[in-house]
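Here is what each chain is made of, one letter per residue.
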Amino acid sequence: MYKIAVAGTGYVGLVAGVCFAEKGHQVTCVDIDEKKVELMKSGVSPIYEYGLEELMQKNYASTRLDYTTDYQTAYRDADAIFIGVGTPEQPDGSANLSYIATVARQIAESVEKDCLVVVKSTVPVGTNDKVEQFIQDFLINDVKVEVASNPEFLAQGSAVHDTLHAERIIIGTESKWAEELLTKIYEPFNLPIVSVNRRSAEMIKYASNDFLALKISYMNDIANLCELVGADIQDVARGMSFDERIGSKFLSAGIGFGGSCFPKDTKALEYIARQNGYELKTVKAAIDVNKEQKTILFKKASKRLITFNGLKVAVLGLTFKPGTDDLREAASLENIPLLLKQGADIYAYDPVGSPNFAKVHPEGKDGKGSITYVSNIEHALDGANVCFIFTEWGEVKAVTPETYGKLMRTPLVYDGRNIYSVKDMEDAGIEYHSIGREP
Ligand code: UGA
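Thresholds applied
Residues numbered from 1 in each chain as written. Predicted model: local features only at pLDDT ≥ 70, side-chain atom pairs only at ≥ 80, totals over all residues. Helix = DSSP H or I, 4+ residues; strand = E, 2+ residues; numbered from the N terminus. Rg over C-alpha atoms; globule rule 2.2 N^0.38 Å. Buried ≥ 20, exposed ≤ 12 C-beta atoms within 10 Å, placed from the backbone. Contact = placed C-beta atoms within 7 Å. Pairing = 2+ DSSP bridges. Right-handed = clockwise from strand over helix to strand, strands pointing away. Expected span 1.5 Å × (residues − 1). Near = placed C-beta within 6 Å. Nonpolar A, V, L, I, M, F, W, Y, C, P; charged D, E, K, R; others polar. Domains from an automatic or database assignment. Axes fitted to C-alpha atoms, helices over the stretch in contact; angles between N-to-C directions. Parallel < 35°, antiparallel > 145°, perpendicular 65-115°, else oblique. Left-handed = near helix turned anticlockwise from the far one by under 90°. Core = buried A, V, L, I, M, F, W, Y, C linked by C-beta atoms within 7 Å. Arc of directions from axis to C-beta.

What to know about the overall build of the protein chain
Reasoning step 1: In terms of helices and strands, the protein chain carries 19 helices and 14 strands.
Reasoning step 2: Since a compact globule built from 439 residues should have a radius of gyration of about 22 Å, the 24 Å found for the protein chain is in line with a globular shape.
Reasoning step 3: The C-alpha extent of the protein chain, read off along each of the three principal axes, is 75 × 45 × 40 Å.
Reasoning step 4: A buried classification covers 47% of the 439 residues belonging to the protein chain.
Reasoning step 5: The long-range share in the protein chain, meaning contacts at least 24 apart out of those at least 6 apart in sequence, stands at 72%.

Here's what the structure looks like:
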């Protein structure tokens, strides 16, 4: 078993640290935020992630897992230091690497024995070469430090499961020593390991995420065409899915992809291509389609209603997908300001996302309209003139078509997640608009 330090306790860092401890390694998670460290020590997870708190408490109690702000002590005698800090998008689409640089310097100034630095954060191809050089430049003690790439493929909402049962572990190394050490660290997971060089590992992460983003944008593009020619995108997707070369996953058309990864990673790869004098046309198309798709229902509803001024608008779902309280790049963030600007009185329901949304709109007001957060769907629908569904939460899916008819003033529903069957909604007397399935 190895002594492991993890820098950063966001989705990537914390989940990795907790899972390494669960597999028997001695893990210290490092974060600069004292309050967050205290919170984690008390067994509370700073992120909403299924099963995470339980594992945090179990492994902290067994002393295999600890949290600290004291990076020097954590890094000093670690066999491996995993970096899981953020690489946020900059206005030009490039990744901001300043957090990684800070950690790299702290590592260089702390390590007192040979160690492997493993970059889990998504970084532009070639970054790990630079991190290694950077560490060498600032290294104080006469020890060997190498850098490996080990991109993360977990999805929010299923992060623990995705880590413990990953479909593959990608390790990108430049020496036998690094490859063997990282392989041994992952041995207790008993998962397929793909060993490649560092730059290929960095590229695998972008290429995988952007391929999935492309798949979604492609389905959204086809969905929009389906509406024009009278086809049904769900039937089309089902028909396509039997072809194993296409696969059955990530074929759901909707109001575009959000989250902290696909939007950022598509723009980052497109930026990398541009920097290298290459135009990445496919990824660019995925970005363009997604931008349009986010407000496609708002545009449709605007034509139908002329104005939202003074209308009660029910919004079901605020987060970018179910199972998370994360709002980053969520469709709600684009549509709600547009509705408020026109004077809509919004009643928003989300099982966990409302507090985060209220932080974005602290006054609860933007433009002429107003926004009220409700904890029950019926309250949102009661007397509403129109309803938008932005996230396919289980609670939202459980609402029957009849409920809309019974509660709404005018049963007009715009569903960005294709939750209902068009026929069921029609039978319940609802005017129902969804994605790629216009009646
Ligand atoms: C994504 C990838 O799925 C992970 O493999 C990857 O590790 C992660 O990014 C990352 O780079 O960290 P995540 O952003 O958590 O994970 O969420 P997804 O479940 O992939 O969903 C992303 C967005 O695509 C959501 O807005 C979702 O609603 C949308 N989506 C997904 C669709 O519109 N249609 C689909 O068929 C699937």
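Here the narrative resumes.
Some points on the pairing of strand β8 (residues 193–196)
Reasoning step 1: Sheet topology places strand β7 (residues 169–172) next to β8; four bridges connect them, and they run parallel. Looking at β8, one finds that Ile171 is bridged to Ser195.
Reasoning step 2: Note on the crossover from β7 through helix α8 (residues 176–186) to β8: the handedness is right-handed.

Structural notes on helix α11 (residues 262–275)
In an α-helix there are 3.6 residues to a turn, and that puts residues three or four apart on one side.
Reasoning step 1: When the terminal C-alpha atoms of α11 are compared, their 20 Å separation across 14 residues agrees well with the 20 Å that a helix rising 1.5 Å per residue should span.
Reasoning step 2: Taking burial as the measure, the 14 residues of α11 include ten buried ones, the bulk of the element.
Reasoning step 3: Along α11, the residues that are buried comprise Phe262, Pro263, Lys264, Asp265, Thr266, Lys267, Ala268, Leu269, Glu270 and Ile272.
Reasoning step 4: Contacts from the buried residues of α11 go to α9 (198–229) and α12 (281–293).
Reasoning step 5: Two residues or fewer after α11 comes Gly277, characterised by a positive phi angle close to 75°.

Topic: the site of the ligand
Reasoning step 1: Near the ligand there are 20 residues, and of these Gln156, Ser252, Phe257, Gly259 and Cys261 occur at the shortest range.
Reasoning step 2: Residues of the shell around the ligand, tallied by class, amount to eleven nonpolar, seven polar and two charged.
Reasoning step 3: Each of two domains, domain 1 (3–196) and domain 2 (205–292), supplies a minimum of three residues to the shell around the ligand.

What about the packing of helix α1 (residues 11–22) against helix α3 (residues 52–61)?
The axes of two packed helices give the description: the angle between them and the distance between them.
Reasoning step 1: At a minimum axis separation of 10 Å, α1 and α3 run at an interaxial angle of 50°. When the interaxial angle is binned, α1 and α3 end up oblique. Note on packing geometry: the crossing formed by α1 with α3 is left-handed. Two secondary-structure elements touch here, α1 through Val15, Val18, Ala21 and Glu22 and α3 through Leu52, Leu55, Met56 and Asn59.
Reasoning step 2: Residue composition of the contact of α1 with α3, by class: six nonpolar, one polar and one charged.

A few points about the nonpolar core
Reasoning step 1: If you look at the biggest cluster of nonpolar residues, it comprises 129 residues, and the most contacted ones within it are Ile81, Val117, Val313 and Cys387.
Reasoning step 2: What Cys387 contacts, discounting residues up to four positions off in sequence, is Ala314, Leu316, Leu381, Tyr404, Met408 and Val413.

Some details on the sheet that holds strand β9 (residues 312–316)
Reasoning step 1: Spatially, the six strands line up as an open sheet ordered β11-β10-β9-β12-β13-β14, and their pairing is parallel. At either end of the open sheet lies a strand with only one pairing partner, and these are β11 (370–374) and β14 (431–433). Averaged over all pairs of adjacent strands, the angle between strand axes in this sheet comes to 20°, irrespective of strand direction.
Reasoning step 2: Across five bridges, β9 lies against strand β10 (residues 345–349) in parallel orientation. Counterpart to Ala314 in the pairing with β10 is Tyr347.

With respect to the domain arrangement of the protein chain
Reasoning step 1: Each assigned domain of the protein chain is listed with its residue range as follows: domain 1 (3–196), domain 2 (205–292) and domain 3 (294–433).
Reasoning step 2: A C-alpha centroid distance of 30 Å is found between domain 1 and domain 2.
Reasoning step 3: Opposite the eleven residues of domain 1 that make contact, domain 2 presents ten residues.
Reasoning step 4: In the side of domain 1 that touches domain 2, the residues fall into five nonpolar, four polar and two charged.

Observations regarding helix α6 (residues 127–138)
Reasoning step 1: For α6, with twelve residues, the first-to-last C-alpha span of 17 Å sits near the 16 Å given by 1.5 Å per residue.
Reasoning step 2: Looking only at α6, the buried set comprises Thr127, Asn128, Val131 and Ile135. Viewed end-on, α6 has its buried residues packed into an arc of 95°, placing them on one side of the element. Within α6, the exposed residues directed more than 90 degrees away from the buried face are Gln133, Gln136 and Asp137.
Reasoning step 3: Those residues of α6 that are buried are in contact with α5 (98–110), β5 (115–119), β6 (145–149) and α9.

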